[in-house]
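Breakdown of the fold
Spelled out, the chains give:
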Amino acid sequence: MDIVVYVHGKGGSAEEAQHYRKIFPAAEVLGLDYKTFTPWETGNEIREIVRDLYKKYDNVLLIANSIGALFSMYGGLDAYVKQAFFISPVVDMEKLILDMMQWAQVTEEELEEKGVIHTEFGEDLSWEYLSYVRTHPIVWTVPTQILYGGRDNLTSLATMQAFAAEHAAGLTVMEDGEHWFHTEEQMEFLDKWLQRVKDNM
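Given the structure is predicted, the values throughout are model-derived calculations rather than measurements.

Some points on the sheet that holds strand E4 (residues 83-87)
Sheet strands pair by backbone hydrogen bonding; their relative direction is either parallel or antiparallel. Pairing is parallel across the open sheet formed by six strands, whose spatial order is E2-E1-E3-E4-E7-E8. Every interior strand has two partners, whereas the edge strands, strand E2 (28-32) and strand E8 (170-174), have only one. Here the strands of the sheet are splayed against their neighbours by 15° on average, with no regard to which way each runs. In terms of strand pairing, strand E3 (residues 59-65) meets E4 through five bridges, oriented parallel. Of the residues in E4, the one forming a bridge with Ala64 is Phe86.

A closer look at the domain arrangement of the protein chain
When cut into domains, the protein chain gives domain 1 (2-91 + 140-200) and domain 2 (92-137). Domain 1 and domain 2 are separated by 24 Å when their C-alpha centres are compared. Between domain 1 and domain 2, the residue contacts involve 14 residues of the former and twelve residues of the latter. Among the residues domain 1 hides against domain 2, the three largest losses belong to Trp40, Tyr74 and Leu154. Together they make up 47% of the total. Counting across the domain 1 and domain 2 interface gives one salt bridge. Linking Glu123 and Lys10 is a salt bridge whose minimum nitrogen-to-oxygen distance equals 2.9 Å. Secondary structure elements with two or more residues in the side of domain 1 that touches domain 2: helix H1 (39-56) and helix H2 (67-73). Per-element accounting of the side of domain 1 that touches domain 2 gives the leading share, three residues, to H2.

So, the packing of aromatic side chains
Inspection of the entire model under this criterion finds ten aromatic pairs. Joined through ring pairs, the aromatic side chains of Trp40, Tyr74, Tyr129 and Tyr132 make up one cluster. In this structure, Lys198 packs its charged tip against the face of Phe24, placed 5.3 Å from the ring centre.

Comments concerning the environment of Val106
Here Val106 shows up in the loop between helix H3 (93-103) and helix H4 (108-114). A C-alpha to C-alpha distance of 9.3 Å links Val106 and Thr119, two positions 13 residues apart in sequence. Setting aside residues no more than four positions away along its own chain, Val106 makes contact with Met101, Leu111, Ile117 and Leu125.

Overview of the side chain of Gln83
Looking at the secondary structure, you find Gln83 in strand E4. A distance of 3.2 Å separates the side chain of Gln83 from the backbone oxygen of Pro143, its partner in a polar contact. Those residues in contact with Gln83 that sit more than four places away from it in its chain are Val60, Leu61, Leu62, Val142, Pro143, Thr144, Gln145 and Met201.

Definitions and cut-offs
Residues numbered from 1 in each chain as written. Predicted model: local features only at pLDDT ≥ 70, side-chain atom pairs only at ≥ 80, totals over all residues. Heavy atoms only, no water. Pairing = 2+ DSSP bridges. Helix = DSSP H or I, 4+ residues; strand = E, 2+ residues; numbered from the N terminus. Axes fitted to C-alpha atoms, helices over the stretch in contact; angles between N-to-C directions. Domains from an automatic or database assignment. Contact = heavy atoms within 4.5 Å. Buried area = accessible area lost by both parts, 1.4 Å probe. Salt bridge = Lys/Arg side-chain N within 4 Å of Asp/Glu carboxyl O. Phe/Tyr/Trp six-rings, centres within 6.5 Å; stacked < 30°, edge-to-face > 60°. Lys NZ or Arg CZ within 6 Å of the ring centre and 35° of its normal. Polar contact = N/O pair within 3.5 Å; in protein donor to acceptor, adjacent residues only side chain to side chain.

Spelled out as structure tokens, the structure:
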């Protein structure tokens, strides 16, 4: 039997995995509820779980949302996952952090000096985090399909296209989609996309 592992994004939950049962009726579906929030810690956390599942199931499939995709890629899952489906993935964390620093008018010197800076838009900027993603480029060879919203405010289409090209990933764009797929129209698009790419595996 196959198992589908769902890794949620920031503010999400493992319960969101239930949504995907209808698309994978013959598989187990597991929502992964991680406890840490850095690429190095969360990547290890995800890897330990996926590695154990790999021993028990025929195939492990991965659905990851937003920063859940970034954490998964830092988990070194290439030997364990047969196919990945990314929804609005964060694929260039260095660029995103630099963009947020610009929004908050924070310089690299200030961030290095203070270590962590809280912003008005609710995100903490971390020098350790920025340094880590700079010195640990993503290595990802799992066959991957990506769904991207044309109105994603965190990752540009050019950045997503560059990532898809570099990693030979399929890329589908919903022009009216946002970073968070949540409206009825967006979720219908997501479901049809996932059913189509799953059927073409």
